[in-house]
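Observations on the three-dimensional arrangement
Each chain is listed here by its residues.
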Amino acid sequence: MASAVERFRQEASRLGLSPKILEFPEGTRTAAEAAQAVGCHIGQIVKSLVFMAGEEAVLALTSGQNRVDPQALARLMGVSSVRIATPEEVREATGFAIGGTPPFGHSRPLQVFVDRDLLAHDLVWAAAGTPKVVFSLSPQELLAASGGTPAEIREG
């Protein structure tokens, strides 16, 4: 079976992307660590967070400086509440582990909402299959590749 990073590369290629992938042996488990490693503002880091609306997984792509507002996400989903997915639910829904979940290339189609704050940057950085590997793309490429809908999903 292909590695998580190889599966990511294959999906990126299928989507017509050839992202520059950077590897950090120490890992980039937090948005702050990722921003420091690549030398960008924390707001340019894409956090791929999986939530559960009942039995349905939904992906929230949010700026590294923001937290997702679960009530806002629930309203967008048309449900009364959502909760953060367990590590097992994340792997089942995406095929990737927490911390390495890319914004696209998942094992099944997911509804995706994209934090509007990410759209203000020329370049954003996201996980490429593991917590040790990141890649960059434009916000427009992020929207197209993820099939995401821009939305107000941040707290505050």
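Residues numbered from 1 in each chain as written. Predicted model: local features only at pLDDT ≥ 70, side-chain atom pairs only at ≥ 80, totals over all residues. Heavy atoms only, no water.

Re helix α5 (residues 139-146)
Quick reminder of the rule: Relative accessibility under 20% of the residue-type maximum defines a buried residue, over 50% an exposed one, and the middle range a partly exposed one, all with a 1.4 Å probe and only protein chains included. In this text, helices come from DSSP runs of H or I with a minimum length of four residues, and strands from runs of E with a minimum of two, each type numbered from the N-terminal end. When we speak of the arc, we mean the arc of directions from the helix axis to the C-beta atoms. It only takes one pair of heavy atoms within 4.5 Å for two residues to be counted as in contact.
Along α5, the positions that sit buried rather than exposed are Pro139, Leu142, Ala145 and Ser146. The arc that holds every buried residue of α5, seen down its axis, measures 130°, which confines them to one face. Those residues of α5 that are exposed and aimed more than 90 degrees away from the buried face are Gln140 and Ala144. Buried positions along α5 lie against β2 (46-53), β3 (56-63), β5 (111-115), β6 (124-127) and β7 (133-137). Phi turns positive, to about 70°, at Gly147, one or two residues after α5.

Overview of the pattern of salt bridges
As a working rule, side chains carrying opposite charge can pair if their charged atoms are close by. Rules: The salt bridge definition used is simple: a Lys or Arg side-chain nitrogen within 4 Å of an Asp or Glu carboxyl oxygen.
Within this structure, the stated rule accounts for six salt bridges. We note a salt bridge from Arg83 to Glu89, for which the minimum N-O separation is 2.7 Å. As a salt-bridge pair, Arg108 and Glu92 come within 3.6 Å of each other at their nearest N and O atoms. Note that Arg108 is positioned in the loop between α4 (87-94) and β5 and Glu92 in helix α4, a separation of 16 residues in sequence.

Things to note about the sheet that holds β7
Selection rule: Strands were regarded as paired on the criterion that DSSP finds at least two bridges between them. What counts as an axis is a line fitted to C-alpha atoms, over the stretch in contact for a helix, and the angles between N-to-C directions run from 0 to 180 degrees.
Taken together, the three strands give an open sheet; going across it, the order is β1-β7-β6, and neighbouring strands pair in antiparallel fashion. Bordering the open sheet on either side are β1 (21-23) and β6, each of which pairs with just one other strand. Each strand axis lies, on average, 30° off the axis of its neighbour in the sheet, ignoring direction. The pairing of β6 with β7 spans four bridges and is antiparallel. Its bridge partner being in β7, Val124 is matched across the sheet by Leu137.

Regarding the layout of surface pockets
The criterion, for reference: Only protein atoms enter the calculation, which uses a 1 Å grid: trapped sets of points that fit a 1.4 Å probe without letting it out are cavities, open sets showing protein on both sides within 12 Å along at least five of seven lines are pockets, and any residue with an atom within 4 Å of a point is a lining residue. Grid points are joined across faces, edges and corners, and a volume is the space filled by probe spheres set on the points. Gly counts as polar in this scheme, as do all residues outside two lists: the nonpolar Ala, Val, Leu, Ile, Met, Phe, Trp, Tyr, Cys and Pro, and the charged Asp, Glu, Lys and Arg.
Of the volumes computed, that of the largest pocket is approximately 410 Å³. Lining the largest pocket are 24 residues, and of these Arg29, Lys47, Ser48, Leu49 and Gly99 lie nearest its centre. Where the lining of the largest pocket is concerned, the elements lending two or more residues are α2 (31-38), β2 and β6. Here the lining of the largest pocket gets five residues from one element, more than from any other, and that element is β2. Taken together, the residues that form the lining of the largest pocket break down as 15 nonpolar, seven polar and two charged.

As for α2
For α2, every residue scored as buried is listed here: Ala31, Ala34, Ala35 and Val38. End-on, the buried residues of α2 take up no more than an arc of 100°, which puts them together on one face. Elements that come into contact with the buried residues of α2 comprise β1, β2, β6 and β7. Following α2 by one or two positions, Gly39 has its phi on the positive side, about 75°.

A look at the side chain of Ser146
To keep it simple, the criterion reads: Any N or O atom pair separated by 3.5 Å or less is treated as a polar contact, with the protein-specific requirement of one donor-capable and one acceptor-capable atom, and with residues adjacent in sequence counted only for side-chain atom pairs.
Position of Ser146 among the secondary structure elements: in helix α5. A relative accessible area of 11% means that Ser146 is categorised as buried. In this structure the side chain of Ser146 is engaged in a polar contact, spanning 2.7 Å, whose partner is the backbone oxygen of Leu142. Contacts of Ser146, omitting those with residues within four sequence positions, involve Leu61, Pro103, Phe104, Val112 and Val114.

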